[in-house]
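Take a look at the letters that make up each chain.
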Amino acid sequence: PVTKIIKSVRGTPVTYPPPNFILPAPPRKIKKIVEVRAGDTFLNLLNKLGVPKSSAHKAIRAMGKIFSPKSLKRGQKVVVLFQPNSWWETTGNFVGFRFNPTSFKTISVSRENNGTFIAENIKEILEPRDFGAKGIIHSNLYLAATRAGLSPSTLFKLVRLYSWDVDFQRDIQKGDSFIVLVKRLHHKNGKIARWGEIRYAKLVLSGKALQLYQFESQRFGIEYFDEHGASAQKALMKTPINGARLSSGYGRRRHPILGYNKMHRGIDFAAPPGTPDFAAGNGKVIQASRQANYGKLIKIRHNKSYTTVYAHLL
């Protein structure tokens, strides 16, 4: 600021501002965080926070050069920024927004002094770290794994890895144990950004140890082998559905509808609606339709054998 010499009422010279006067810093930007819900768009999110439509359109148009507005997903959080003109303002001029479409990328839209908006694609380099977890199964594998610090996504991968050799509906017993070494990606502040691939896993079921080691090649990508070099992937899965319980097994049983005993030539699993089924192995789909009382039916041919999946609501 320019120092001015002014005269007081009594004629005494006064310096303004005072010699040691320090101007206060401009007010910090106000952040408003909004979570995307089903049916939301960038435009209605910004309008809900009081952003003028003209400014919202300009900001979205600038973002569209590096990120499609249609790619907005439910559950994402958008940080909208406002610049107040004074400390006592609770809002201010809209100056941009930012959000994270992935764990290692930030889309930032900011307003220039001339009123135009520019968009930036900021990529963060994540630090890989190995994380080890072990535990003893007292009631079920899910509780033991989560208590050991594993994420649900890693547990899902673990089940898929062993689904060729282990029937998770019947082979898991109280007292069984596990060890898992998994790669995690961290932000600079140490927070977990993403869980990566399993490097090593060991299941001890009824005293028998089953170990799997990760191996990566340019031709086949990531594969898993046991200590003898045999591939973890076999011909057919023993657990072709995730998170289900065994509701009936193979053999003679009383038919729940017809009321008499007959041979049951399959295994029934019960799971909540929407649970994905897996093909037990590579094969050719030879039938996919509805069939009488069985409901939806998929029949797959694996070389000389067949697997049939019936899906019906009870």
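Up top is the structure these notes are about.
Below is a summary of the structure that appears in this document. (Residues numbered from 1 in each chain as written. Predicted model: local features only at pLDDT ≥ 70, side-chain atom pairs only at ≥ 80, totals over all residues. Heavy atoms only, no water.)

**Some details on helix α4 (residues 152-162)**
The α-helix winds at 3.6 residues per turn, so residues separated by three or four positions along the chain end up facing the same way.
Alright, step 1. Every buried residue of α4 is listed here: T154, L155, L158, V159, L161 and Y162. One side of α4 carries all its buried residues, which in axial view fall inside an arc of 160°.
Alright, step 2. As for α4, its buried residues are in contact with α3 (141-147), β9 (177-186), β10 (192-205), β11 (208-217) and β12 (221-225). (Buried < 20%, exposed > 50% of the residue type's maximum accessible area, 1.4 Å probe, protein only. Helix = DSSP H or I, 4+ residues; strand = E, 2+ residues; numbered from the N terminus. Arc of directions from axis to C-beta. Contact = heavy atoms within 4.5 Å.)

**Thoughts on the sheet that holds β11**
Alright, step 1. On the basis of which strands lie adjacent, the open sheet formed by 5 strands has the order β8-β9-β10-β11-β12 and antiparallel pairing. Each edge of the open sheet carries a strand with a single partner, namely β8 (127-136) and β12. Put simply, the sheet's adjacent strands are angled 25° from each other on average, direction ignored.
Alright, step 2. As paired strands, β8 and β9 are joined by 10 bridges and run antiparallel to one another. Across the sheet, A133 pairs through a bridge with V180, a residue of β9.
Alright, step 3. Sitting on the sheet, α4 touches β9, β10, β11 and β12, and the angle it makes with β10 is about 40°. (Pairing = 2+ DSSP bridges. Axes fitted to C-alpha atoms, helices over the stretch in contact; angles between N-to-C directions.)

**Observations regarding the environment of V80**
Alright, step 1. Within the secondary structure, V80 sits in strand β4 (residues 77-83).
Alright, step 2. V80 gets classed as buried once you look at its relative accessible area, which sits at 1%.
Alright, step 3. Spatially, the C-alpha atoms of V80 and I33 are 6.2 Å apart, while their sequence positions differ by 47 residues.
Alright, step 4. Setting aside residues no more than four positions away along its own chain, V80 makes contact with I30, K31, K32, L46, L49, V51, F94, G96 and F97.

**Looking at the side chain of S55**
Alright, step 1. Its location among the elements puts S55 in helix α2 (residues 53-63).
Alright, step 2. Take S55: its relative accessible area is 12%, and that puts it in the buried class.
Alright, step 3. Sequence-distant contacts of S55, defined by excluding residues within four places in its chain, comprise F94, R111 and F117.

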